[in-house]
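The residues making up each chain are set out below.
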Amino acid sequence: MKLAVIQNLPRLGLTTTTASLGSPFLSPRLSLSTRRLRNTSLTTGAAFPRRKKDGHDRASLISAGTVIMAPAIEFDQFILATFFASLFALVLVYVLRRSSRNRKDDANSNRSKMNRGLVAVSSQNDPVSTEEDDSGIDVIIVGAGVAGAALAHTLGKAIIAPNEGRRVHVIERDLSEQDRIVGELLQPGGYLKLIELGLEDCVKEIDAQRVLGYALFKDGKHTKLSYPLEAFDSDVSGRSFHNGRFVQRMRDKAATLSNVRLEQGTVTSLLEENGTVKGVQYKTKEGNERSLYAPLTVVCDGCFSNLRRSLCKPNVLLSSLSGGLVDVPSTFVGLVLENCELPFANHGHVVLADPSPILLYPISSSELRCLVDVPGQKLPPIANGEMAKYLKTQVAPQIPPEVREAFIAAVEKGNIRTMPNRSMPADPVPTPGALLLGDSFNMRHPLTGGGMTVALADIVVLRDLLRPIHSLKDKEALSKYIESFYTLRKPVASTINTLAGALYKVFLASSDEARTEMREACFDYLSLGGVCSSGPVALLSGLNPRPLSLVLHFFAVAIYAVGRLMLPFPSIKSFWLGARVISSASGIIFPIIKAEGVRQMFFPRSIAALYRTPPLQ
């Protein structure tokens, strides 16, 4: 190592190296070895030997006043600055990466909201958001079907101030009269709700037919099941009609209220801000994009709803259709039979055919609706005549003889229509400012015709909950009662839903011997009369929607099937088959109950939301 010698250095004795001599700055630090060197040299003028790396000594003599710079560890003045600069750079990189990640998460969140039908809005930057205060609308209703039209009239006539009802704006995709093949049978329980809502006159002047019960047909046998209507007025019964006529009557009645406005348009998304739904974005009939704001938005746009994903939890147990929310167990093939009479007047007819049930009921004084259930989602094509061939060869022989010719004539006429049968248990995500209602919220197999009964019962519950709230802008009270709504509706809705799903599975033909026994036992059990028929029919009609009664009757059918197997003498085979019947019955009903919610069905009093009901007036 080359030594650097500095002559006549001041007593400060600064230490430096060859590399640092050319620097305009000198380090102010003194190493311990340098200080010792300075003191010794200045005092004694001694010479200091230095050892080479090979171990040999080398003496260097210096004169007094001369300083030899020792090989000390040096600290550059830039080290500290470099350390802090590096630390600052690391912090800066971390902040930038975190900001980038947050922007990416926000983008993903916005895309997720868009996929679920939500659009984020900002009341500060969005000039149209001022409509929230200026429009004066209390409720936006998406859809004007049975549920939407009935709710619009109900809320519109609700008195919140002298001569003042809630201001309702209804947006419906198509306000013209629709021609549907479902939603044509209103059970007596639904008719009672219609009376309670003041809409009973909507079944008048549309050639609606009274329905007094059901008739079941199986393998040439039949049994008649009448509704238990003895305790009600003579006008109370079921009603069957053209769905489009019924809906138009309710729309017309809602439109008579000055504070209810019906507009034709297509809602594309819900407007959301900080987790609260503020309103809707929609296209008018002319194609213009508009935003509308209100404290409460009710989504009831039917079974094909494109908004339910934003307000419902996907059920992974169901099919992937509609975002994993909806199950499609079968499809109805619909026909209109003309100028014929059913074996039992004013009764719906259910044929336990192979492979699945057939429904027949009047929809006017001269027309019958026939719905042929086809399991699964794969249908014979209509265009090439495969469907007509299937109906003539497989279905027609199982139709009651009184209407068989009319059935074949309707097939040959060619007006064959189809409608997927959807099932979706209610599993909402409570969202401030929004509510689901009708088929967009909850569906069951239409075999029992319970959809309109559930929707009208829900409207009665919602009306009573909103009654004490003068202003729906009271977000805390509104959110509290919306959560209560989802709990209070459960006993009625879950009973009808469970019965529809369980009865459809029991009525399906099966190669499984246990299922076949259950099907036979169900028909024979209902044929016994008395409580064995009136109990299940009261459940089906919505007159006695009690979950416990449903479970008791269902397992009574299973036990009845097991009892028949034990006659005249029990055997190992009959015991084994009986065990399979009980297992099959459990496998049918328990998954449906689980999807509906065991606690909500049987223990609603254990849910806090049940006690958030409005005070009695």
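Residues numbered from 1 in each chain as written. Predicted model: local features only at pLDDT ≥ 70, side-chain atom pairs only at ≥ 80, totals over all residues. Heavy atoms only, no water.

Visitor: Explanation requested: the pairing of strand β19 (residues 327–338) in the structure shown.
Guide: As a general feature of sheets, a regular strand has side chains that alternate between the two faces. Sheet topology places β19 next to strand β23 (residues 417–423); 6 bridges connect them, and they run antiparallel. The partner of Gly-334 across the bridge, within β23, is Arg-417. As defined by bridge partners, β19 adjoins strand β22 (residues 367–375) across 9 bridges and the pair is classed as antiparallel. Residue pairing for β22: Ser-330 is matched across the bridge by Pro-375. (Pairing = 2+ DSSP bridges. Helix = DSSP H or I, 4+ residues; strand = E, 2+ residues; numbered from the N terminus.)

Visitor: How should the sheet that holds β22 be read in this particular structure?
Guide: Working definition: the strands of a sheet are paired by backbone hydrogen bonds and lie parallel or antiparallel to each other. The strand order across the open sheet built from 7 strands is β13-β12-β20-β21-β22-β19-β23, with neighbouring strands paired in mixed fashion. The sheet is open, and its two edges are formed by β13 (221–226) and β23, each paired on a single side. Between one strand axis and the next, the sheet turns through 20 degrees on average, direction left out of account. Pairing geometry for strand β20 (residues 347–351) and strand β21 (residues 358–362), over 3 bridges, is antiparallel. Bridge assignment links His-349 to a residue of β21, and that residue is Leu-360. The sheet contacts of helix α10 (residues 401–413) involve β19, β21 and β22, and relative to β19 the element is tilted by about 105 degrees. (Axes fitted to C-alpha atoms, helices over the stretch in contact; angles between N-to-C directions. Contact = heavy atoms within 4.5 Å.)

Visitor: I would appreciate a short explanation of the environment of Arg-173 in the present structure.
Guide: Position of Arg-173 relative to the elements: it lies in the loop between β9 (168–172) and β10 (185–186). Owing to a relative accessible area of 56%, Arg-173 belongs among the exposed residues under this scheme. Here Arg-173 is in contact with Gln-264, Gly-265 and Thr-266, once residues within four sequence places are set aside. (Buried < 20%, exposed > 50% of the residue type's maximum accessible area, 1.4 Å probe, protein only.)

Visitor: Please explain the sheet that holds strand β11 (residues 209–211) as it appears in this structure.
Guide: One open sheet accounts for 3 strands, arranged β10-β14-β11; its pairing is antiparallel. In the strand order of this sheet, the two ends are held by β10 and β11, each with one partner. Across 3 bridges, the pairing between β11 and strand β14 (residues 238–240) is antiparallel. From the neighbouring strand, Arg-210 faces β14, where its bridge partner is Arg-239.

Visitor: Is there a simple way to think about the pattern of salt bridges in this case?
Guide: Pairing of side chains with opposite charge becomes possible as their charged atoms draw close. Tallied over the full model, the rule gives 22 salt bridges. Asp-179 is the partner of Arg-417 in a salt bridge, and the nearest nitrogen-oxygen pair spans 3.1 Å. Of this pair, Arg-417 sits in strand β23 while Asp-179 is found in the loop between β9 and β10, placing the two residues 238 residues apart along the sequence. When its relative accessible area of 28% is taken as the criterion, Arg-417 is described as partly exposed. With relative accessibility at 52%, the residue Asp-179 sits in the exposed group. One salt bridge connects Glu-263 with Arg-261, and the closest N-O pair in it is separated by 3.9 Å. Residues joined in a network through salt bridges with shared partners are Lys-193, Glu-196, Arg-463, Asp-464 and Arg-467. (Salt bridge = Lys/Arg side-chain N within 4 Å of Asp/Glu carboxyl O.)

Visitor: Is there a simple way to explain the state of the cysteines in this structure?
Guide: By definition, a disulfide links two cysteine residues through a covalent bond between their sulfur atoms. A complete count under the given rule lists 0 disulfides for this structure. Unpaired in terms of disulfides, Cys-340 finds its nearest cysteine sulfur in Cys-370, a separation of 9.6 Å. (Disulfide = S-S within 2.5 Å.)

Visitor: What exactly am I supposed to notice about the nonpolar core here?
Guide: Nonpolar side chains in soluble globular proteins generally cluster together in the buried interior. By size, the foremost hydrophobic cluster in this structure holds 68 residues, and its most contacted members are Ile-141, Phe-246, Val-280, Leu-296, Val-298 and Phe-485. Looking at this core element by element, the count peaks at 9 residues for helix α11 (residues 451–466). Sequence-distant contacts of Val-298, that is, excluding residues within four places in its chain, are made with Val-139, Ile-140, Ile-141, Val-142, Leu-151, Leu-435 and Leu-437. Counting residues in hydrophobic clusters, the runner-up holds 60 residues, among them Tyr-361, Met-419, Met-518 and Val-557. (Core = buried A, V, L, I, M, F, W, Y, C linked by side-chain atoms within 4.5 Å.)

Visitor: I'm lost on the packing of aromatic side chains in this one. Help?
Guide: Geometry of an aromatic ring pair is reported as the spacing of the ring centres plus the angle between the planes. Applying the stated criterion across every chain, the model contains 8 aromatic pairs. Centroid distance Phe-441 to Tyr-486: 5.4 Å. Interplanar angle 55 degrees. Geometry classified as tilted. With a gap of 45 residues between them, Phe-441 in the loop between β24 (434–436) and α11 and Tyr-486 in helix α12 (residues 475–488) connect regions that are remote in the sequence. By the burial criterion, Phe-441 is buried, and Tyr-486 matches it. Here the aromatic cluster, defined as three or more aromatic residues joined through ring pairs, consists of Phe-441, Phe-485 and Tyr-486. When the ring centre of Tyr-191 is taken as origin, the NZ or CZ atom of Arg-239, which lies over that ring, is 4.4 Å away. Over the aromatic face of Tyr-481 sits the side chain of Lys-480, whose NZ or CZ is 5.2 Å from the ring centroid. (Phe/Tyr/Trp six-rings, centres within 6.5 Å; stacked < 30°, edge-to-face > 60°. Lys NZ or Arg CZ within 6 Å of the ring centre and 35° of its normal.)

Visitor: Please explain the side chain of Glu-263 as it appears in this structure.
Guide: Of note, Glu-263 is situated in strand β15 (residues 260–273). According to the relative accessible area criterion, Glu-263 is buried, its value standing at 8%. Polar contacts involving the side chain of Glu-263 include one to the side chain of Tyr-282, which spans 3.1 Å. Apart from the residues lying within four places of it in its own chain, the contact partners of Glu-263 are His-169, Val-170, Ile-171, Glu-172, Leu-175, Tyr-282, Thr-284 and Arg-290. (Polar contact = N/O pair within 3.5 Å; in protein donor to acceptor, adjacent residues only side chain to side chain.)

Visitor: I'm lost on the confidence of the model for the protein chain in this one. Help?
Guide: Low-pLDDT stretches of the model should not have their predicted coordinates read in fine detail. Mean pLDDT over the protein chain: 82, with 76% of residues reaching 70 or higher. Predicted confidence for residues 1–75 stays below pLDDT 50, and this span has 72 contacts to residues more than four positions away or in other chains. Here residues 316–324 scores under 50 on pLDDT; set against residues more than four positions off or in separate chains, the count is 19 contacts. (pLDDT = per-residue confidence, 0-100.)

Visitor: Any chance you could explain helix α9 (residues 386–395) here in plain terms?
Guide: Residues separated by three or four positions in an α-helix point in the same direction, a consequence of the helix having 3.6 residues per turn. All buried positions along α9 are accounted for by Met-387, Tyr-390, Leu-391 and Val-395. For α9, the arc enclosing every buried residue in end-on projection is 95 degrees, short of the 170-degree limit, so these residues lie on one face. Looking at the buried side of α9, the elements it contacts are β19, β21, β22 and α10. (Arc of directions from axis to C-beta.)

Visitor: Whenever I open this one, unusual backbone geometry confuses me. Can you help?
Guide: Most peptide bonds take the trans form, and the phi angle of most residues other than glycine is negative. In this model, Asp-354 is joined to Pro-355 through a cis peptide bond whose omega is 15 degrees. The residue Pro-355 is located in the loop between β20 and β21 in this model. Of the consecutive residues Leu-567 and Pro-568, the connecting peptide bond is found in the cis state with omega at -5 degrees. Here Pro-568 is to be found in the loop between α16 (547–565) and α17 (572–596). Unusually for a residue other than glycine, Asn-274 sits at a positive phi of about 55 degrees. Tracing the backbone shows Asn-274 in the loop between β15 and β16 (276–284). Positive phi is not limited to glycine here, since Asn-339 has a value of about 55 degrees. Residue placement: Asn-339 occurs in the loop between β19 and β20.

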